[in-house]
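# Chain and residue survey
Now for the letters of each chain:
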Amino acid sequence: MALQDRAAGLRRATRATMLEKPCCDPVEDAGDVAVRGEVPRVALVGNPNVGKSTLFNALTGARQHVGNWPGKTVHVARGTWRPDSTAYTDGLTLIDLPGTYSLVPRSPDEELTRDLLVDHGLDDRPEVVVVTVDAANLARNLYFLSQVLDTGVPVVVALTMVDVARARGLKVSAESLADALGTPVVAVLPHQGQGLDDLADAVCAMLADPRPPRPADLGSALEEETAALTSLVAVGLGERYAPRWLALALLCGEPVPTVPEELREQAREAGRRLLPADPESAASKSTTPDGTVPDGTVPDTDFVELPEDDPETLVAEARYAWAHRVLAVAVDRRAADRPTLTDRVDRVLTSRWLGIPVFLAVMWGVFTATTTLAVPLQDGLQALLDGPVNRAATAALEAVHAPGWLSGLVLNGLVGGVGQLLTFIPLMAIMFVLLALLEDSGYMARAAFVVDRVMRLIGLPGRAFLPLIVGFGCNVPALAGTRILAHRGHRLLVGMLIPYVTCSARLTVYVLLASVFFGSRAGTAVFAMYVLSILLVIGIGRLLRRVLFRDLADEPLVLELPPYRRPTARVVGMQSWQKLSAFLRTAGGVIVATVAAVWLLSAIPLGGGQGGFGKVPLEHSVFGGTARTVAPAFEPAGFGDWHSSASLITGFVAKEAVVSTMAQTYEVQQPGDNHHAGSLGTALRSTFDRTSHGHTVPAVLAFMVFLLAYTPCMATLAAQRAEIGMRLTLLGTGIQLAVAWLLAVAVYQIGALLW
């Protein structure tokens, strides 16, 4: 990207209000993430995709926690790092701050990183910062490092991706880089465990003898004006902000609060003194006739651009000039011109014509594998529940002479609910492992790149694809992921679209129905639901963009494409476990509670009908009566039966409970393997044959479409309310119900003409 574009992006970013208030309303107890005690705090910072989180996982292992930072809805991982040092027997608190390209923030995540480094008034400011820099992309990483050096926090540099740089023909000397920076530099390969002890030694040494880092040399003229401003701001504001950072921020026109207008005017006057009287003569100094910068090095073409007549661009240019001087000393590029494996693979995976077909094929493979590989694991879990667990629970209830209603609650409610939860584990685990493999290999970033053109159909940047991809696992963390978007309007629009992304909880229902009604084509039927989900996101997005978000401006895609690498079992396992455990925490209680609630409502007679409590036929219970009342609304869609409407009612609370509700309403055993539905499958065929008047396939497809498009679950509604507000949440819920019903009716009515 040209320097002119980079500077323009920086100028747009400075319009955000800085440090004036928390970026979001707090939604969790501050104690969830706050660092406690006297344990030293070490922060990991760096650009996205430089191996920062991999390094964090390697240093902390399982001793980590992810939660909201106090006063913000920004998710931050922190853990205990136990270096081999007698001085820190209790370990160090390691904080993995959100990745950012600059300390000029464009999103709430980036604001948190900036605030912790520059605001001296924050209790959780780290004692040492470990800046992770990518050896294969040093120029851009050094730009960010130059900003961190201005904060005055002691710095240790972790040089990652040295193996990738070597494969590209780049020889990076950590010793020469340390000499040029004036701060310790340690080469690490976290996925192989190399360099971690040396990094621990460097951090412990810095904690024992903390010293401010040497700032980047931005040139004599700029340094003279910066020094003068630094001395001025240090008098009144130096206790709150890092003085040099504040001086440069004011020089660039960033809106820092609590700064007197007189000081702002002095900064503006300093900026005017820096501007050249003749821009063309200044431009000629940027490059010499042979294409080098004044220090004699040959810069990357991404960073060569004529300066603009504003101080912010001059500062940006000075930072890149400093970065290239460091590169000239520390990097040998003589063998860096040959194409790499990543370059050759990207010609296919990111091409205009093959990129999207390859992406669809990969996603089809993921979901087909998910629906087939889980079968033996589900069989084993169900056999365990139906056999030893059920017999043990029955024996315990008989031993205490439990009444019939209590036995029904425990066996059909609680044990059934736990069984429903356990049947999800193989499906979720396999899907999360496959997605983690794609992410760790570097393909997910390519997926975001190839769909950027599609995302622009609804006026969203390609970056918005990332939370949407997360939504295929669970909509709740996907809504939290909208915080990576800089523009508030983009966050609101994506927040309204995420419920149309078919989450993993709906997958179990798709698998059951597809196996019962589509046989060998079950995988294709499930894949079709995911394609329809993408089409709904595009279609509803275009509608909302035209009606509610007409003023949204287009935003260029800024995305790091990491090199392809072999996924490591440790990283894949840890990422999969974190997602699976989060899913179980979110869904586990909901599933068990929903199944128990359905049993309770099923046990209460409706209007003093047949039988007493716990003995009433399900159809004549409170739950059955409610389902019968709702059922006629679905007759135009071909599934106007109370069994179907009952499962959709509980699906409004949690999609995970749909299958178990079906089993309860039919009073049959829930299948342990959704591929072989047994008596539940027979009951479903009978119901859909009857309600569809012989047009079974269109009715089943209509049910699956309705399940896809209507409200995901109560947890998603709660997350939506936190991210986009109650008004848009209610509006979105109404749109989802209307779209789901209209699509289901259309699918059935049109399908009935064809089948």
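Sequence order as written defines the numbering, with residues in each chain counted from 1. Selection of residues for local features in this predicted model requires a pLDDT of at least 70, selection of side-chain atom pairs for listing and counting requires 80 or more, and totals for whole chains, interfaces and linings are taken over all residues. To obtain the side-chain values, all non-hydrogen atoms of the structure were used and water was disregarded.

## Quick word on the overall build of the protein chain
Starting at the N terminus, helices and strands are each numbered in turn, a helix being any DSSP run of H or I of at least four residues and a strand any DSSP run of E of at least two. Helix and strand counts for the protein chain come out as 31 helices and 9 strands. Each residue is placed in one exposure class: buried if its accessible area under a 1.4 Å probe, protein chains only, is under 20% of its type's maximum, exposed if it is over 50%, and partly exposed if it falls in between. Here the protein chain holds 755 residues, and 55% of them are scored as buried. We call two residues in contact whenever any of their non-hydrogen atoms come within 4.5 Å of each other. Within the protein chain, contacts between residues at least 6 apart in sequence are counted, and of these 73% link residues at least 24 apart. Each accessible area is a Shrake-Rupley result for a 1.4 Å probe, and residues are judged covered by the shown protein chains and nothing else. Of the roughly 31,200 Å² of accessible surface on the protein chain, a fraction of 59% belongs to carbon and sulfur atoms.

## Examining a negative patch on the surface
There is a patch of like negative charges on the surface, built from Asp 84, Asp 197, Asp 198 and Asp 201. The residue Asp 84 is located in the loop between strand 3 (75–81) and strand 4 (92–96) in this model. Patches were defined on residues exceeding 30% relative accessible area and lacking a salt bridge, with like-charge contacts within 9 Å and nonpolar side-chain contacts (Val, Leu, Ile, Met, Phe, Trp, Tyr) within 5 Å. By salt bridge we mean one thing: a side-chain nitrogen of Lys or Arg within 4 Å of a carboxyl oxygen of Asp or Glu. Neither His nor the chain ends contribute to the count of charged residues, in which Lys and Arg are positive and Asp and Glu negative. Every charge is mapped to an atom, namely NZ of Lys, CZ of Arg, CG of Asp or CD of Glu.

## Overview of the nonpolar core
Buried Ala, Val, Leu, Ile, Met, Phe, Trp, Tyr and Cys residues that are joined via side-chain atoms within 4.5 Å together make up what is termed a nonpolar core. Of all hydrophobic cores here, the largest spans 89 residues; its most connected members are Phe 359, Phe 639 and Leu 684. Those residues in contact with Phe 639 that sit more than four places away from it in its chain are Phe 634, Ser 644, Leu 648, Phe 688, Thr 691, Ala 699, Ala 702, Phe 703, Phe 706 and Ala 744. Judged by nonpolar contacts, the second largest core, of 68 residues, contains Ile 95, Leu 117, Ala 165 and Ala 242.

## Quick word on the confidence of the model for the protein chain
Here the protein chain averages 78 in pLDDT, and 80% of its residues register 70 or above. Here residues 1–37 is modelled with pLDDT under 50, and outside its nearest four sequence neighbours on either side it reaches 85 contacts, counting other chains as well. Segment residues 279–308: pLDDT under 50, and 50 contacts once partners within four positions in sequence are set aside and those in other chains are kept. pLDDT expresses how confident the predictor is about each individual residue, on a scale running from 0 to 100.

## Notes on the pairing of strand 6 (residues 155–160)
For strand 6, the tally of buried residues reaches 6 of 6 residues, placing the bulk of the element in the interior. Here strand 6 shows two buried faces, one formed by Val 155, Val 157 and Leu 159 and the other by Val 156, Ala 158 and Thr 160. Pairing geometry for strand 5 (residues 128–134) and strand 6, over 6 bridges, is parallel. Counted as the bridge partner of Val 131 is Val 157 from strand 6. One crossover worth recording links strand 5 to the parallel strand 6 by way of helix 4 (residues 138–149), and it is right-handed. At least two bridges found by DSSP between two strands are what make those strands a pair. Consider the strands pointing away from the viewer: the crossover is right-handed when the path from the first strand over the helix to the second runs clockwise.

## Let's talk about helix 13 (residues 341–349)
All buried positions along helix 13 are accounted for by Thr 342, Asp 346 and Leu 349. Around the axis of helix 13, the buried residues are gathered within 70° of arc, so they sit on the same side. Arc definition: it is the arc formed by the directions from the helix axis to the C-beta atoms.

## Remarks on the environment of Leu 493
Tracing the backbone shows Leu 493 in helix 21 (residues 488–497). Taking relative accessible area as the criterion, Leu 493 reaches 0% and is therefore assigned buried. Taking the C-alpha atoms as reference, Leu 493 lies 9.6 Å from Leu 552; in sequence the two are 59 residues apart. Ignoring any residue separated from it by four or fewer positions in sequence, one finds Leu 493 in contact with Ile 458, Leu 460, Gly 541, Leu 544, Phe 549 and Leu 552.

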